[in-house]
Amino acid sequence: MAFKNQYLADLMETVKKRNPGEPEFHQAVTEVLESLEPVIEKHPEYIKMGVLESIVEPERIIKFRVPWVDDKGNVQVNRGFRIQFNSAIGPYKGGLRFHPSVYEGIIKFLGFEQIFKNSLTGLPIGGGKGGSDFDPKGKSDMEVMRFCQSFMTELAKHIGPDTDVPAGDIGVGGREIGYLFGQYKRLRDEYSGVLTGKGLTYGGSLARTEATGYGLCYYTEEMLNDHDDSFKGKTVVISGSGNVAIFATQKATALGAKVVALSDSNGYIHDPDGIDLDAVKEIKLVKRGRIKEYVENHPNATYTEGCRGIWTIPCDIALPCATQNELDEEGAKALIAHGVKAVCEGANMPSTPEAVHAFQSAGVLFGPAKAANAGGVATSALEMSQNSMRYSWSFEEVDAKLHDIMKNIYHNSAKAAKEYGMEGNLVAGANIAGFLKVANAMLAQGVC
Ligand code: NDP
Ligand code: 2IT
């Protein structure tokens, strides 16, 4: 899609020139700038004060060597990143991703999205993201521990409970956060809320593990309710089988839907009887196995090699919860042909721009990632609050706050879209609502 506004077209060209070879970052920035066209026409002060030029440029990029010793005694060297993108409304906040596909462009797109997502939560958190090209798959616990200790040895110099608070993302769950926290504490002699997603015995928040998947379903349910519909009786397809997918499956099922498919990076399972989530948890969380093992004990279920075919399974609601650009135009068309009613993104940027366009043109309700998956980071911010107070809320208290936050995100996005002449476009609404708070905070704090 071309920009009608010359200023935005020129800015996008600058972003591409300054960040060559980073298509995911270009994709994320393009979408936000497209949404902001009516905003800058109404508010030329954002142009005058260089707010847009500043918001697409990270405040700081940290890139470092991560040497560690594997179980055979060999030295391995990975690359670590932390991008501190924007601190206008709070300390940098965002996850760490450990996956072989990680390079600067992936962390930059994720950090950029995080600015707007965190703003939408209504909580005081800025945007950041980090990670490494380290692959935890197939590594022993001791290898993961040595890697995390080495990674934190450098990262500790740049983070802190009032500066930058990392958390999990792909490949970083409770085990990794524990090792990272232990090393930070050892290096700094400080027991603080420097990371979120911690274990419950050392400062973690109840409901953080469930929060992204639950929040995704709360957002989706609110969107459906707003259109006189709900999860009840619906057939749901969810991609991925990690943290987000598992707890989205749990909540969608609790809300009366039947989840019939899940996947991992090798392939997908289809169980027309409804996914047996205890079996999935045993395979993925306890044994760290592959999703295909599910069919060994579920005779009505089938396994198909390769991920993309998952979108050809007929469903009412699709929740992509694996990774970026996993749902392309072909997948979108297959979902639309089978009459999908709603698509909400649990993963970050899982739908290609062509897929988003196809959904919106077909009148499918579409909830974008930075709104729909904000429940994880929102609950991380609640974990930060509890750590500062040295107090813990009950599961029910945290869950109730999460539920309210997700409802507000839906309504604030819908309202912003309407206000700027794009009623029903929740992508534009989320981008605009997220942007305005950050942009106004940047204006108030002056050029810096
Ligand atoms: P996990 O590591 O727990 O699970 C990731 C899942 O996605 C696994 O099933 C994995 O399969 C699959 N996957 C990862 N990479 C690919 C790939 N390149 N192709 C196909 N499948 C892939 O991560 P999370 O569940 O935490 O994260 C899932 C998504 O949700 C990510 O986009 C993340 O950024 C986003 N997210 C996470 C939040 C959180 O709180 N954890 C918050 C908001 C968003 P395999 O096991 O084979 O690798
Ligand atoms: O993409 C995300 O919002 C996350 N991975 C969660 C970040 C966080 O700080 O909890």
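This text goes with the structure placed above it.
Here the focus is the nonpolar core. Core analysis: the largest hydrophobic core is formed by 100 residues, its most contacted members being Leu33, Leu52, Phe112, Tyr219, Ile238, Leu319 and Phe435. Ranked by the residues each element gives to this core, the list is headed by helix H17 (residues 426-445), at ten residues. Excluding anything up to four places from it in sequence, Leu33 contacts Phe3, Leu8, Leu11, Met12 and Leu52.

This part takes up the site of ligand 2. Near ligand 2 you find 14 residues, and of these Lys93, Gln114, Lys117, Asp169 and Ser380 are the closest. Asn348 is positioned such that a nitrogen or oxygen atom in its side chain is 3.0 Å from an oxygen atom of ligand 2. In the environment of ligand 2, an oxygen atom lies 2.5 Å from a nitrogen or oxygen atom belonging to the side chain of Ser380. Considering ligand 2 on its own, with 300 Å² of exposed area, one finds that the protein chains cover 94% of that surface. Those elements that provide at least two residues to the shell around ligand 2 are strand E3 (92-98), helix H6 (104-120) and helix H15 (375-389). Of the residues that constitute the shell around ligand 2, the class distribution is two nonpolar, seven polar and five charged.

This next bit is on the packing of helix H9 (residues 208-225) against helix H10 (residues 243-254). Axis separation between H9 and H10 bottoms out at 7 Å; the angle between their running directions is 50 degrees. Classed by the angle they form, the pair H9 and H10 counts as oblique. Crossing handedness for the pair H9 and H10: right-handed. Each of Thr209, Glu210, Thr212, Gly213, Tyr214, Leu216, Cys217 and Tyr218 in H9 lies in contact with H10, whose residues at this interface are Asn243, Val244, Phe247, Ala248, Gln250, Lys251 and Ala252. In the contact of H9 with H10, the residues fall into eight nonpolar, five polar and two charged.

Criteria and thresholds
Residues numbered from 1 in each chain as written. Chains lettered and ligands numbered in written order. Predicted model: local features only at pLDDT ≥ 70, side-chain atom pairs only at ≥ 80, totals over all residues. Heavy atoms only, no water. Core = buried A, V, L, I, M, F, W, Y, C linked by side-chain atoms within 4.5 Å. Buried < 20%, exposed > 50% of the residue type's maximum accessible area, 1.4 Å probe, protein only. Helix = DSSP H or I, 4+ residues; strand = E, 2+ residues; numbered from the N terminus. Contact = heavy atoms within 4.5 Å. Near = heavy atom within 4 Å. Polar contact = N/O pair within 3.5 Å; in protein donor to acceptor, adjacent residues only side chain to side chain. Areas by Shrake-Rupley, 256 points an atom, 1.4 Å probe, with all protein chains shown as cover. Nonpolar A, V, L, I, M, F, W, Y, C, P; charged D, E, K, R; others polar. Axes fitted to C-alpha atoms, helices over the stretch in contact; angles between N-to-C directions. Parallel < 35°, antiparallel > 145°, perpendicular 65-115°, else oblique. Left-handed = near helix turned anticlockwise from the far one by under 90°.

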